[in-house]
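A closer look at the structure
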Amino acid sequence: MSLTAVLVVMLAAVLIGAFGIRFSRTTSDFYVASRTVSPLWNASAIGGEYLSAASFLGIAGLILSFGVDMLWLPVGWTGGYLVLLVLVSAPLRRSGAYTLPDFAEARLESMTVRRTASVLVVLIGGLYLMPQFQSAGLVLRTITGAPVWVGGLLVAVVVAVNVLSGGMRSITFVQAFQYWLKLTALAVPLVFLLLAWRADGAPAVSAADALTWQTPLGGVREYGLYSTYSLILATFLGTMGLPHVLVRFYTNPDGRAARRTTLVVLSLLGAFYLLPTVYGWLGRMYAPDLVRTDTVVLTLPARMIGGTLGDLLTALVTAGAFAAFLSTSSGLTVSVAGVIAQDLLKGGVRSFRIATLMAVAVPLALALWARALPVADVVGLAFAVAASSFCPLLVLGIWWRRLSTTGALAGLFVGGGLACAAVLVTIVGGPASGLAGALLAQPAAWTVPIAFAVMVAVSFLTPHRVPPGTARTMVRLHTPENLDLDRGDWRPRSS
Amino acid sequence: MSQVPRPGRRSDVPRRVTVTSPRTAAARRPRYPALREIDEQTRLGEVYMHSLLRTQFRLALFVCTVLACVIGGLPLLFLLLPDLREVHVLGVPLPWAVLGGLIYPAFVIGAWLYVRQAERNERHFAELVERR
């Protein structure tokens, strides 16, 4: 039955996406849904895209394994939107940039910075995509016993087809629908699970767990305090640097709407993140053998309820999981392919199609080849890279007039480079122990300050390389659109 | 011209006459509107932009500082005050209640207050700049 649910979700995604074929004729329709999207739709789409397998499956798995400290992940993923709202949302929309490399070029008036930003976007996007495919394979194996590569390939193919046929416009509707699907897919089974828990006499966690698992920093992870703070930094500051986040901003009509949409997104995310925690907690009591896997959300309904109802609920949850894979992977693919098409290939619809295939194939290959780490951990690493590279660029670019081209480049190279190196070591070498292991597994606490410091210091050392149009750009970024001011004539690259 | 006779004056001193114009209500057109100052990036234009940026940045910094104190303080709080773990909110231990539930409405409320203030700042700037 779960397999049927999976196929239904995939089919629905392709069909809804197919309606987009009619609308996407020009490149600009292809990239951006022409701003005829209402705020609630847009916010639902952002939420749908943002909630990946890491949110749907990974959080519950990590909470089951490691306890209350893992709650910082969803808190950070939501709080990151608050930071984005406050520091970045309206100015970013007003910049007119479609993508992060667009913003880099607009603000710093340099092609070198633009290209560096493009490379980082591809790296971050790939790092985010890979665990989605891995997780899809594991889920399919849990449900049907199929080999691990089947799930990943299936999701990759559906994503590629969807993106190739519809581009952004159809994706918006699909994403919005998938937020509500995911919310329902977690909420409905939870009601039944809680009823079953009550019927059981409302047991609590074991006494041993109450001391270690249930208490903050009481667990077995060494250097817990450092890891917690580093995780907080990575998630709160990394959201603004994710490739599929900025693209959605452009679908707002102006800076004010961008702020308001972000407010709605915060509410939608908060409502969703209330749910995985309960799964993790129930799982600790009813399925403690599932430690260090990501499958507690999938297996709990069958274990706690069983029978036909359990099957139905499992099917619903599986549908939600695949909605999570599809939605995030589609959003990431569109943004990464967009960047590849504009900056590495010639640009235009044909390049976008080639870029889509590249954007899907490489992470898929990596997913099949690399070892399987917990999906939320790898996603957390993507956040760390984003926080170490794009966060300083955006924050300093938007608020500081003295940012120079060389400074921005230096910060991107050092911050992004250090974070990527740490990520590489962690993924290839596996989680190491000791202080070095903790520093590499959660690098944000040292890479982010270093990135900021480098950007600021080098900018002070190269004041002659401050972009000449900075004052005009600041007018563009910060003044309300209804004022009749000269905002310069920079236009984003894509048509 | 209208004459306002002053009582008790000696008739050989010239009368003081008050001159008023009938067009007292006419507005004075600004010769150099603030929008143009900003466009031409004069010193005054820079001052306007600087003040807008500073107001918005201060607001953003304020929100981020509050956020940093709350978020940054919570792990330390839980570490240094172990008795907090015993506190229960609706049957749920305090760390779980805060991190798993209460913090989300707090985010939304904070965000809503920020949006209101930021829009107010922009309205003030628009009024300032369009009036003069």
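Predicted model, so just to flag it, every value in this text is computed and none were measured.

**Description of the overall build of chain A**
- A count of helical and extended segments in chain A gives 20 helices and zero strands.
- Overall, chain A is about 70 × 55 × 40 Å in size when its C-alpha atoms are taken along their principal axes.
- Here chain A, with 495 residues, has 64% of them falling under the buried criterion.
- Summarising the internal contacts of chain A: among those between residues at least 6 apart in sequence, 85% fall at separations of at least 24.
- Counting only carbon and sulfur atoms, one obtains 68% of the accessible surface of chain A, whose full area is about 16600 Å².

**A look at the state of the cysteines**
- In this structure the tally under the stated criterion is zero disulfides over all chains.
- As a non-bridged cysteine, A:C420 has A:C391 as the owner of its nearest cysteine sulfur, 15 Å distant.
- For A:C420, a relative accessible area of 23% gives the class partly exposed.
- Here B:C64 is not disulfide-linked; the sulfur of A:C391 is the nearest cysteine sulfur, at 9.4 Å.

**Looking at the pattern of salt bridges**
- By the definition in use, this model includes ten salt bridges over all chains.
- B:E119 is the partner of A:R256 in a salt bridge, and the nearest nitrogen-oxygen pair spans 4.0 Å. Of this pair, A:R256 sits in helix α12 (residues 255-286) while B:E119 sits in helix α3 (residues 94-131), which puts the two residues in different chains.
- The shortest N-O distance in the salt bridge between B:E119 and A:R260 comes to 2.7 Å. Here B:E119, found in helix α3, pairs with A:R260, found in helix α12, and the two come from separate chains.
- Where salt bridges share partners, they join A:R94, A:R259, A:E481 and B:E122 into one cluster.

**With respect to the packing of helix α7 (residues 111-144) of chain A against helix α16 (residues 375-399) of chain A**
Residues and elements named next belong to chain A.
- Packing of α7 against α16 brings their axes to within 9 Å, and their N-to-C directions diverge by 170 degrees. It follows that α7 is roughly antiparallel to α16 by the angle criterion. Residues A117, L120, V121, I124, L127, Y128, M130, P131, Q132 and S135 of α7 form the contact with α16, whose own contacting residues are V375, V378, V379, L381, A382, F383, V385, A386, S389 and F390.
- Partitioning the contact of α7 with α16 into residue classes produces 17 nonpolar, three polar and no charged.

**Quick look at α16(A)**
All names here are of chain A.
- In this model, α16 (25 residues) spans 34 Å end to end at C-alpha, consistent with the 36 Å of a helix rising 1.5 Å per residue.
- Of all bends in α16, the biggest is about 40 degrees, found at A387.
- Burial within α16 is extensive, with 24 of its 25 residues counted as buried.

**Quick word on α7(A)**
Residues and elements named next belong to chain A.
- The end-to-end C-alpha distance of α7, which contains 34 residues, comes to 49 Å, matching closely the 50 Å that a straight helix rising 1.5 Å per residue would cover.
- The backbone nitrogen of T112 has a side-chain oxygen 3.2 Å away, supplied by the residue at the start of α7, namely S110.
- One or two residues past the end of α7 sits G145, with phi positive at roughly 80 degrees.

**Remarks on the nonpolar core**
- Core analysis: the largest hydrophobic core is formed by 188 residues, its most contacted members being A:F56, A:W77, A:L87, A:F322 and B:F107.
- Counting residues per element, this core draws most heavily on α16(A), which supplies 19 residues.
- Not counting residues up to four positions away in its chain, the partners in contact with B:F107 are A:V75, A:T78, A:G79, A:L82, A:F236, A:L266, B:L67 and B:I71.

**What to know about the interface of chain B and chain A**
- Contact residues are listed per partner, giving 44 residues for chain B and 50 residues for chain A.
- Of the roughly 4300 Å² buried between chain B and chain A, counting both surfaces, carbon and sulfur atoms make up 75%.
- Considering only the surface of chain B that becomes buried against chain A, B:W96, B:Y104 and B:E122 emerge as the three largest contributors, covering 18% of it.
- One can count four salt bridges joining chain B with chain A.
- The residue A:R94 makes a salt bridge to B:E122 at a minimum N-O spacing of 2.9 Å.
- In this structure, the connection of chain B to chain A is made through seven residue pairs in polar contact (both at pLDDT 80 or more).
- Listing elements by their share of the side of chain B that touches chain A, those giving two or more residues are α1 (34-39), α2 (43-80) and α3 of chain B.
- Across the side of chain B that touches chain A, the residue classes tally to 32 nonpolar, six polar and six charged.

**Observations regarding the packing of helix α4 (residues 53-66) of chain A against helix α5 (residues 72-95) of chain A**
Residues and elements named next belong to chain A.
- In contact at an axis separation of 10 Å, α4 and α5 are set at 145 degrees when each is read in the N-to-C sense. Where α4 abuts α5, its residues A54, S55, I59 and L62 lie against L73, P74 and W77.
- In the contact of α4 with α5, the residues fall into six nonpolar, one polar and no charged.

**Points about the confidence of the model for chain B**
- Within chain B, residue pLDDT values average 82, and 81% of them lie at 70 or more.
- Taken together, the chains of this predicted complex give a pTM of 0.86 and an interface ipTM of 0.87.

Cut-off values and rules
- Residues numbered from 1 in each chain as written.
- Chains lettered and ligands numbered in written order.
- Predicted model: local features only at pLDDT ≥ 70, side-chain atom pairs only at ≥ 80, totals over all residues.
- Heavy atoms only, no water.
- Helix = DSSP H or I, 4+ residues; strand = E, 2+ residues; numbered from the N terminus.
- Buried < 20%, exposed > 50% of the residue type's maximum accessible area, 1.4 Å probe, protein only.
- Contact = heavy atoms within 4.5 Å.
- Areas by Shrake-Rupley, 256 points an atom, 1.4 Å probe, with all protein chains shown as cover.
- Disulfide = S-S within 2.5 Å.
- Salt bridge = Lys/Arg side-chain N within 4 Å of Asp/Glu carboxyl O.
- Axes fitted to C-alpha atoms, helices over the stretch in contact; angles between N-to-C directions.
- Parallel < 35°, antiparallel > 145°, perpendicular 65-115°, else oblique.
- Nonpolar A, V, L, I, M, F, W, Y, C, P; charged D, E, K, R; others polar.
- Expected span 1.5 Å × (residues − 1).
- Bend = angle between axes of the 7 residues up to and from the residue.
- Polar contact = N/O pair within 3.5 Å; in protein donor to acceptor, adjacent residues only side chain to side chain.
- Core = buried A, V, L, I, M, F, W, Y, C linked by side-chain atoms within 4.5 Å.
- Buried area = accessible area lost by both parts, 1.4 Å probe.
- pLDDT = per-residue confidence, 0-100.

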